[in-house]
Amino acid sequence: MLPLIVFAVGIAVYNYWQDRSDATRRVVANVRSMRLVLDSEVQRMTGGLQVLALTNSLRHDDFQTFRRIALGFVEQYGKGGLVLISDRKGRLLFSSATEDTASLPPRGHLETIERVFTNRSPQYSDLFIGAISGRQMLTVEVPVFRDGEVIYDLCFSPPIGIFQELVEKQRPDQLWTVSLLDTKGIVFARAPNPNETVGKQASGALYDAMSRMSEAALSTVSLDGVPLSSAFTKSPLTGWTVVAGVAESSLIAPLWRNIAITSLIGGILLLTGLTFAVRMATTIARGEMLHDLLIDELNHRVKNTLALMQAIAVQTFRSASRDERIKFEGRLGALAEAHNLLSQEKWAGSELRDVIARALQPFLLNGPDRIRMAGPAVPLSPRLAVVLSMIVHEIATNAAKYGALSNETGRVTLDWEVVTDAPKPRLRLIWTEIGGPPVTAPVRRGFGSRLIERSARDQLGGEATVDFLPRGVVCTVVCTLDEAR
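Residues numbered from 1 in each chain as written. Predicted model: local features only at pLDDT ≥ 70, side-chain atom pairs only at ≥ 80, totals over all residues. Heavy atoms only, no water.

The name given to the protein in an unreviewed UniProt entry is histidine kinase, with the source organism recorded as Bradyrhizobium frederickii. Under the Catalytic activity (unreviewed entry) heading, UniProt states for the protein: "ATP + protein L-histidine = ADP + protein N-phospho-L-histidine." (UniProt positions renumbered as here; feature names shortened; annotations may be inferred.)

### As for the nonpolar core
Judged by nonpolar contacts, the single largest core of 46 residues is most densely connected at Leu 154, Phe 163 and Leu 180. Ranked by residue count, the leading element in this core is helix 1 (residues 2–53), at 10 residues. Once residues lying within four places of it in the same chain are set aside, the contact partners of Phe 163 are Leu 38, Val 42, Met 45, Leu 138, Pro 158, Leu 180, Phe 188, Ala 189 and Trp 240. Leu 352, Ala 359, Leu 414 and Val 477 belong to the second largest nonpolar core, which has 34 residues in total. (Core = buried A, V, L, I, M, F, W, Y, C linked by side-chain atoms within 4.5 Å. Buried < 20%, exposed > 50% of the residue type's maximum accessible area, 1.4 Å probe, protein only. Helix = DSSP H or I, 4+ residues; strand = E, 2+ residues; numbered from the N terminus. Contact = heavy atoms within 4.5 Å.)

### With respect to the sheet that holds strand 18 (residues 463–469)
In any sheet, the strands associate via hydrogen bonds between backbone groups, in a parallel or an antiparallel arrangement. Here 5 strands make up an open sheet; going across it, the order is 14-16-17-19-18 and the pairing mixed. Of all the strands in the sheet, just strand 14 (371–374) and strand 18 have a single pairing partner and so form its edges. Direction aside, neighbouring strands of the sheet carry axes that sit 10 degrees apart on average. Strand direction decides the pairing type here: strand 17 (residues 426–434) and strand 19 (residues 472–480), joined by 7 bridges, are antiparallel. Residue pairing across strands places Leu 429 opposite Val 477, the latter belonging to strand 19. (Pairing = 2+ DSSP bridges. Axes fitted to C-alpha atoms, helices over the stretch in contact; angles between N-to-C directions.)

### Side note on the environment of Ala 216
Residue position: Ala 216 is located in strand 10 (residues 215–221). With 14 residues separating them in the primary sequence, Ala 216 and Ser 230 have C-alpha atoms 8.5 Å apart. If we skip the residues at most four places from it in the chain, Ala 216 touches Ser 230, Ala 231 and Phe 232.

### So, the sheet that holds strand 2 (residues 92–95)
Strand order across the open sheet formed by 5 strands is 2-1-7-6-3, with antiparallel pairing between neighbours. Across the chains shown, the open sheet's two edge strands, defined by having one partner strand only, are strand 2 and strand 3 (123–124). Where strand 1 (residues 82–86) meets strand 2, 3 bridges bridge the pair, whose relative direction is antiparallel. Note that in strand 2 the partner of Ile 85 across the bridge is Phe 94. With respect to the sheet, helix 3 (residues 63–75) is in contact with strand 1, strand 2 and strand 7 (149–157), its orientation differing from that of strand 2 by roughly 55 degrees. Across the sheet, helix 4 (residues 110–119) is in contact with strand 1, strand 3, strand 6 (140–146) and strand 7; its angle to strand 7 comes to roughly 140 degrees.

Below, the structure is given as structure tokens:
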């Protein structure tokens, strides 16, 4: 009996260490997933601000007209959001909270403003107490250009509750602790106990590891005094860190429970040891096969997404310039929005109108009536949803820079139809511009035009054509429809 019991205890211990190893991998996978969600949300804010920075009212210092646009942007994020415009010295020129900027104190945290003017790119602050609101806040800040020079800092302070909601939604269950930390290791969102921990610095072991590495798995003690099996990963976009951990007690408890059960049924094991061993081995093998299958599926999706991001990055930054970096950020934002929509639908596909609306959302802030959409309901597979989102974003970006969306009078009509005269139904999407600046055909095609054509040809098995007509640009995209799954 004793050898069988020892054998069973050994299996229980082995399973415990296997479970610990699986738990570690699961924690690392979760923090990476949470970091992608965080980056996607911040990228959406950044893209919206960059569109605001291009509005004609801001270019001409028409802050009264800009106020209406800014308030529309703030309303997307609920109560507590704030848009500010300041010069390099921190003097406030505009606040979405009041028209009386003369009575407001100058902005604090001038180092963030200085980085915006110096680096000429979006910047993200650490947690601080706002000079105007007196509340804890974070900011997303982008430069406003005029004649190639940075003239203003356009700042958005989202409601801090947005990040708390993100943490609550991404937390797997009550045994997990999830935190978001700024570049100094200060907590700005956390579950559980946010009221007691927001504003505090990460625990010693975690803070030391964060100062040396951008990602790691380790054992820590939470700010609540709970031992955790933890992991963290740092965002390359913002410098913020996502930390998650599962209670050590939840990992150890199954070990003691298994040992107790094994000891209790030792006599039964003596009679049925061989059968039990065979069944246990079969169960372990089957469980590991299922586990490997799920991991392979997860890796497949992640690799596909990263491969697409890498391809965009390689093409966009081949000749690195500020303008191309902005283009890449917009394309990545469009890709993230498409993936957000697919995630909401549990990767079962999306409706064409929803995909287009997500891609055009930043361009509707300056005039929601300037883009008219018309067409039947068309379900899209995940592949078509992602590629069409990128194509529509690219066409709209060109219109915002050179076409009908670059002035105050231009209009765009976006029509689509399903053509059924072939073995497989085809989607025909037509983008028509009127009222924009005079149209002249470009001497050479830019990367955006090549991206549209290649995506339509190589990824959709269709074609895209751009006609530079006197009344405005007309872009037609034709592709074969997949079955939405």
